Amino acid sequence: MGMKGGSGGGGGMGSACYVYPGAPATPGFVTPDVLFQRGIYMNGSMTFDDGNAVTIWGFTDLAAGGGGGMGGGSFPSPAMRVTEGQIVHTALTVNMMWMHTVHHHGIEPSQENDGVGHFSWDVTNGTYTYQWRPSHAGTYFYHCHTNTPLHAEMGMYGGLIVDPVPNPNDPPGTKRAFANGPIYDVEAIWAADEIDPAWHTLQWSAGTCGGDVGLNNLNPRYFIITGVDGANSALTNPGVAVTMQKGQRLLVRYICAGFHPQKIDFGGLTATVVASDGRPLPQAWQTTSIEAHSAERYDCIFQPTTTGTWTVTVTYYHWRSGAVLGTARTRINVV
Amino acid sequence: MERRAFLKAGGASLASALMGSGMLTWSARSEAATISQTLYITDGTKTMPDGVSLYVKGYGTTANTPLIPAPSIICQEGDTLSITVYNMLSVTHNLVIGGLVSGSAPIASTGDIAPGGNKTLTYTIPSGAAGSYLFYDNKTSYNRFLGLHGGLAIMPAGISNQLYSGSPTFVKQQFWILNDIDPALNTAVKNGTTIPTSFTPRYFTINGLSSRPPGAAGHGDPTIDALYDPRSRLSGHIGDRTLVRMLNTGMCSHAVHTHANHMEWLTDRGTVRPSVWKKDTLYLRNNLGKIDAIFPFEAPPDAYPPVTSGHFPMHLHDEMSQTAGGGLYQFGSMTELEFL
Ligand SMILES: [Cu+2]
Ligand SMILES: [Cu+2]
């Protein structure tokens, strides 16, 4: 087992090795409280501030009419938002040309539903429904776990937020980071990632049968926040930059979505870090910057007491040398 | 073989409590002992997952076979370590015990060991020294990358289930010693040519091995496959809380990610954390970074229907480390978390 012959299509031609194709029935399948129907896209793109573009892969929302492979889609992939205790289905449909999985990072389900190919299956030629029930509110993300260095770098990830069960004593619409946790008014999801264009020309199974395709060596040229170029665009893009009223509380869900270590600096604002990796901290942590490595998440509360504009800077460091690779910037505007 | 005749100083005289394989086993003692070990600095070759054979050096227990990492040593505060090191190679080497806090000076050293010579390091462990240590060769900045490294666990005196006195408790303990290998370095050392000034690692190991996924040659062989190496793999029933002493001897910083359970993060770079955070991903620094964390072996909390068994990965999330030779995803630094 563990081998599959060549299959082609968008994302390139090529054979794949050490993949575990399958799309079986879900053990213990029940009717869910929430259903996400995800397809995949293999021919998206992202254009940077300098005019250059790279190919992007990702997940589509089939329920919203997303396509099934050859086209494009949103980057990052559509976020998932669920409530603690719900039974959730993530139905992933992949055609016979490719293999992918969904791993809900930080969610800890059974082996079959963990989305790791060699411990279960790489989904192809059908649909597998991941069944899980989140037990802890917080910030997570989902990503493909097939040929992971490549598929995650290509963009196959999206946000995953678990909200607490609403507190019946709270006014309707109250938003909390976790049960009995801090209330927030405004929310931002900052997934900070880096892009090496050289990787974005590879086909989906690149390197799996051996040979040097450079997956040990990530030399990013672009630095992005939640799918937006951090050179300039993220300073003002309304999906990234925050505009809030003085007196409001902001929850920033910071996700280290790249592979090199990072530092996020809040430009003079002090964050009250209340949770990390989907777990509340025993005591909140006050800081003006956070050092993080791949896949860590930090939930940060801000309550600025004056109006103004603060520039947030993510600095990316080479995993070996520590050299600064680049920066991405966005803003918090308090009006 | 090992010479123990001189090991008469101090209290009880013990053969070194080291393991060539398997978990660290430990029983606390009420009195101090001398822990002795003889190691041989020697060289050899190791075959990488893509078939490339590389020159390596290591501390072995025989004169001609390097072990990477060296056998782990476990002792307790108050004990005296007596480590005799024979240098079987033609250049000067040493063995130092790194400081508890990353970046601090080594706490003990053999000093230079000339080719063909030997030295004995003797060190009585003070109280308050409990923790996880890397011993390694610092005669050059890169000798530890070649394989000259090993783990030393110092237990609090008289305690068998805490990292430091008063820490959260565990029932098992293991090392995860991470290394990154750039063949250009190994080849330059072998050939005596100029050492590269910049490294690009191509192989990534945990306790000296890389993983081999199902279908690969060596899959399931605990001497080849890091998924099955009992030094690396965590295997337990619910409640088998396992202390993992993570030591980074390599070039790169890493993001240590466990599936199935969050870890209880106890220390960073040798310093006890102000409070215990539960993390699914931990930032393990390079430049001799280290982390102690407990993998709690709780039922995976988000399974529906609930489960208590299964197989899951621990892998590094800086995914370049999950490759070998520039490709071969799943042949990097990864092991298995087995819920029995
Ligand atoms: Cu994928
Ligand atoms: Cu992940």
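### Here's the deal with the overall build of chain A
Here is step 1 of the chain: Tallying secondary structure elements over chain A gives two helices and 26 strands in all.
Here is step 2 of the chain: Radius of gyration (C-alpha) of chain A: 20 Å, near the 20 Å computed for a compact globule of 335 residues.
Here is step 3 of the chain: On the principal axes, the C-alpha backbone points of chain A span a range of 60 × 45 × 35 Å.
Here is step 4 of the chain: Every one of the 335 residues in chain A was classed for burial, and the buried ones make up 59%.
Here is step 5 of the chain: Counting only carbon and sulfur atoms, one obtains 50% of the accessible surface of chain A, whose full area is about 11300 Å².
Here is step 6 of the chain: Once the 16 positive and 24 negative side-chain charges of chain A are each reduced to a mean point, those two points are 6 Å apart.

### Points about the sheet that holds strand β24 (residues 297-302) of chain A
Residues and elements named next belong to chain A.
Here is step 1 of the chain: With mixed pairing, seven strands are arranged side by side in an open sheet as β17-β16-β15-β19-β24-β21-β22. Among the strands making up the open sheet, the edge pair consists of β17 (228-229) and β22 (279-287).
Here is step 2 of the chain: By the bridge criterion, six bridges tie strand β19 (residues 250-256) to β24 in an arrangement that is antiparallel. Each residue of the ladder has a partner; that of Y254, found in β24, is Y298.

### Things to note about the sheet that holds strand β10 (residues 126-132) of chain A
Residue and element names in this part refer to chain A.
Here is step 1 of the chain: Ordered by their spatial adjacency, four strands build an open sheet running β5-β4-β7-β10, and the pairing between neighbours is mixed. Since the sheet does not close on itself, it has two edges, and those belong to β5 (53-61) and β10, each with one partner. The mean angle between the axes of side-by-side strands here comes to 25 degrees, regardless of whether they run parallel or antiparallel.
Here is step 2 of the chain: Where strand β4 (residues 34-47) meets β5, eight bridges bridge the pair, whose relative direction is antiparallel. What sits directly across from T47, in β5, is A53.

### Side note on the domain arrangement of chain A
Accessible area lost on assembly of the parts is the figure often given for the size of an interface.
Residue and element names in this part refer to chain A.
Here is step 1 of the chain: Assigned domains of chain A: these are domain 1 (34-177) and domain 2 (190-209 + 216-334).
Here is step 2 of the chain: Between the C-alpha centres of domain 1 and domain 2 the distance comes to 19 Å.
Here is step 3 of the chain: At the junction of the two partners, domain 1 supplies 38 residues and domain 2 supplies 36 residues.
Here is step 4 of the chain: Here domain 1 meets domain 2 over a buried area of about 2900 Å², counting both sides, of which 60% is carbon and sulfur.
Here is step 5 of the chain: Contact with domain 2 buries surface across domain 1, with D49, T139 and E153 losing the most and accounting together for 24% of the total.

### A few points about the nonpolar core
Here is step 1 of the chain: Among the nonpolar cores identified, the biggest contains 58 residues, and I40, F59, L92, W132 and W204 of chain A together with L185 of chain B are the most heavily contacted of them.
Here is step 2 of the chain: The biggest single contributor to this core is β4 of chain A, with four residues.
Here is step 3 of the chain: Not counting residues within four places of it along the chain, the set of residues in contact with L185 of chain B comprises Y142, F145, L146, I195, P196, F199 and M251 of chain B.

### Focus on the packing of aromatic side chains
Here is step 1 of the chain: Applying the stated criterion to the full structure yields 20 aromatic pairs over all chains.
Here is step 2 of the chain: Taken together, a centroid distance of 5.4 Å and an interplanar angle of 50 degrees make the contact between F59 of chain A and Y142 of chain A tilted. Placement of the pair is F59 of chain A in strand β5 and Y142 of chain A in strand β11 (residues 138-143), with a sequence separation of 83 residues.
Here is step 3 of the chain: Residue class for Y142 of chain A comes out buried when judged on its relative accessible area of 0%.
Here is step 4 of the chain: With 5.7 Å between their ring centres and 55 degrees between their planes, W285 of chain A and W277 of chain B make a pair best called tilted. Taken together, the residues W285 of chain A in strand β22 and W277 of chain B in strand β18 (residues 271-279) connect one chain to another.
Here is step 5 of the chain: Grouped by ring-pair contacts, the aromatic residues W285 and Y298 of chain A together with W265 and W277 of chain B constitute a single cluster.
Here is step 6 of the chain: A cation over an aromatic ring shows up here: R233 of chain B above the ring of Y228 of chain B, its NZ or CZ 4.3 Å from the ring centre.
Here is step 7 of the chain: Directly above the aromatic system of W265 of chain B lies the positively charged group of R273 of chain B, at a separation of 3.9 Å from the ring centroid.

Calculation criteria
Residues numbered from 1 in each chain as written. Chains lettered and ligands numbered in written order. Predicted model: local features only at pLDDT ≥ 70, side-chain atom pairs only at ≥ 80, totals over all residues. Heavy atoms only, no water. Helix = DSSP H or I, 4+ residues; strand = E, 2+ residues; numbered from the N terminus. Rg over C-alpha atoms; globule rule 2.2 N^0.38 Å. Buried < 20%, exposed > 50% of the residue type's maximum accessible area, 1.4 Å probe, protein only. Areas by Shrake-Rupley, 256 points an atom, 1.4 Å probe, with all protein chains shown as cover. Lys, Arg positive; Asp, Glu negative; His and termini not counted. Charge placed at Lys NZ, Arg CZ, Asp CG, Glu CD. Pairing = 2+ DSSP bridges. Axes fitted to C-alpha atoms, helices over the stretch in contact; angles between N-to-C directions. Domains from an automatic or database assignment. Contact = heavy atoms within 4.5 Å. Buried area = accessible area lost by both parts, 1.4 Å probe. Core = buried A, V, L, I, M, F, W, Y, C linked by side-chain atoms within 4.5 Å. Phe/Tyr/Trp six-rings, centres within 6.5 Å; stacked < 30°, edge-to-face > 60°. Lys NZ or Arg CZ within 6 Å of the ring centre and 35° of its normal.

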